Amino acid sequence: MENKPKLIYILPNLFTAASAFLGIISVLASVKGEYGKAIIYIVLSLILDGLDGRVARLTKTTSKFGVEFDSLADLVAFGVAPAMLFYFSVGHLFGRFGSLLAAVFVVFGAIRLARFNVMTGTYEPNVFIGLPIPSAAIVSAFWVGIYTNYEFMHGFEWIFVIIMGGLSILMVSNVRYPSFKKVDFKRANYIKALAVLVILFSLLYLYPLESATTLMTIYTIYGIIRSIWARFFAKNIKLTNKENK
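The chain is annotated in an unreviewed UniProt entry as CDP-diacylglycerol--serine O-phosphatidyltransferase of Campylobacter hyointestinalis subsp. hyointestinalis. Comment text from UniProt for the chain, heading Catalytic activity (unreviewed entry), reads "a CDP-1,2-diacyl-sn-glycerol + L-serine = a 1,2-diacyl-sn-glycero-3-phospho-L-serine + CMP + H(+)".

Shown next, in the form of structure tokens:
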């Protein structure tokens, strides 16, 4: 009975370890040219990464060790794994520049994780400052999936260079992204939310890769548009209102 409280701390860290393990398996799959499997392993890592934090909060076993371990696992699963997937599928076609892009993605991902750990609790809990590394990893991996599944994308490899470079910059930027951690499920919005979820799941069922890629790309672009609007247009509107008063 005395060991039970100590053993329960292993549970969330077990999810974290499994996430890192799948990240390594994804890298090995990329080396073998099994890009479809590599993408699936990254998605499974994302699911486990989402579970470890929730399990820790539910069991009240959050710890500083768990936070640090989670960051290290994220760097493997969402930094190294998608970078290797990009390099072996597309990046190697660009020689040293392709390897540089893959390396920058990992380094900027590490910076993103370190900044998140330092800044936690200093900004709004419902937003992320900079694109979260799991989101960047999923967008990169899904676009590689589009490239390998559709032959008409061959010849447009430069697009993936832009995507990889853009995702790297967004991770260390000050662009704000919604976190969806504290969604307000009001009764008035219940029917609308249910209808939207049914449509989304239907699209994911019919076109899983294409729908998921579109949704994650929209999420990524949304942060950029929101940032531009807040910086230029919203400021101009405020200045105009002040002048009219």
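What to know about the UniProt feature "transmembrane region" (unreviewed entry) in the chain
The UniProt record marks residues 7-29, 35-51, 72-90, 96-114, 126-146, 158-177, 189-207 and 213-234 with the feature "transmembrane region" (unreviewed entry), using the residue numbering of this structure. Across residues 72-90, the secondary structure splits into 95% helix and 0% strand, with the terminal C-alpha atoms separated by 26 Å. Between the C-alpha atoms that bound residues 96-114 the distance is 27 Å, and the span itself is 100% helix and 0% strand.

Section: the nonpolar core
Ranked by internal contacts, the top residues of the largest apolar core, which has 43 residues, are Leu 85 and Leu 131. The greatest single-element share of this core, amounting to 10 residues, is contributed by helix 6 (residues 133-149). In this structure Leu 85 touches Ser 30, Tyr 35, Ala 38, Ile 39, Ile 42, Ala 141 and Val 144, once residues within four positions along its chain are discounted.

Remarks on the packing of aromatic side chains
For any pair of aromatic rings, the description consists of the separation of the ring centres together with the inter-plane angle of the planes. This model, assessed by the stated rule, comprises 7 aromatic pairs. Centre to centre, the rings of Tyr 147 and Phe 160 are 5.1 Å apart; their planes meet at 75 degrees, and the pair counts as edge-to-face. Taken together, the positions of Tyr 147 in helix 6 and Phe 160 in helix 7 (residues 157-171) put the pair 13 residues apart, joining distant regions of the chain. On the basis of relative accessible area, Phe 160 is assigned to the buried category, the value being 3%. Aromatic rings pair up to connect Trp 143, Tyr 147 and Phe 160 into one cluster.

Thoughts on a nonpolar patch on the surface
On the surface, Leu 93, Phe 94, Phe 97, Leu 100, Phe 156, Trp 158 and Ile 162 cluster together into a nonpolar patch covering about 710 Å² of accessible area. Put simply, the parts of the chain that give the nonpolar patch at least two residues each are helix 5 (96-119) and helix 7. Structurally, the position occupied by Trp 158 is in helix 7.

Quick notes on the rules
- Residues numbered from 1 in each chain as written.
- Predicted model: local features only at pLDDT ≥ 70, side-chain atom pairs only at ≥ 80, totals over all residues.
- Heavy atoms only, no water.
- UniProt positions renumbered as here; feature names shortened; annotations may be inferred.
- Helix = DSSP H or I, 4+ residues; strand = E, 2+ residues; numbered from the N terminus.
- Core = buried A, V, L, I, M, F, W, Y, C linked by side-chain atoms within 4.5 Å.
- Buried < 20%, exposed > 50% of the residue type's maximum accessible area, 1.4 Å probe, protein only.
- Contact = heavy atoms within 4.5 Å.
- Phe/Tyr/Trp six-rings, centres within 6.5 Å; stacked < 30°, edge-to-face > 60°.
- Patch = residues over 30% accessible without salt bridge, like charges linked within 9 Å, V, L, I, M, F, W, Y side chains within 5 Å.
- Areas by Shrake-Rupley, 256 points an atom, 1.4 Å probe, with all protein chains shown as cover.
- Salt bridge = Lys/Arg side-chain N within 4 Å of Asp/Glu carboxyl O.

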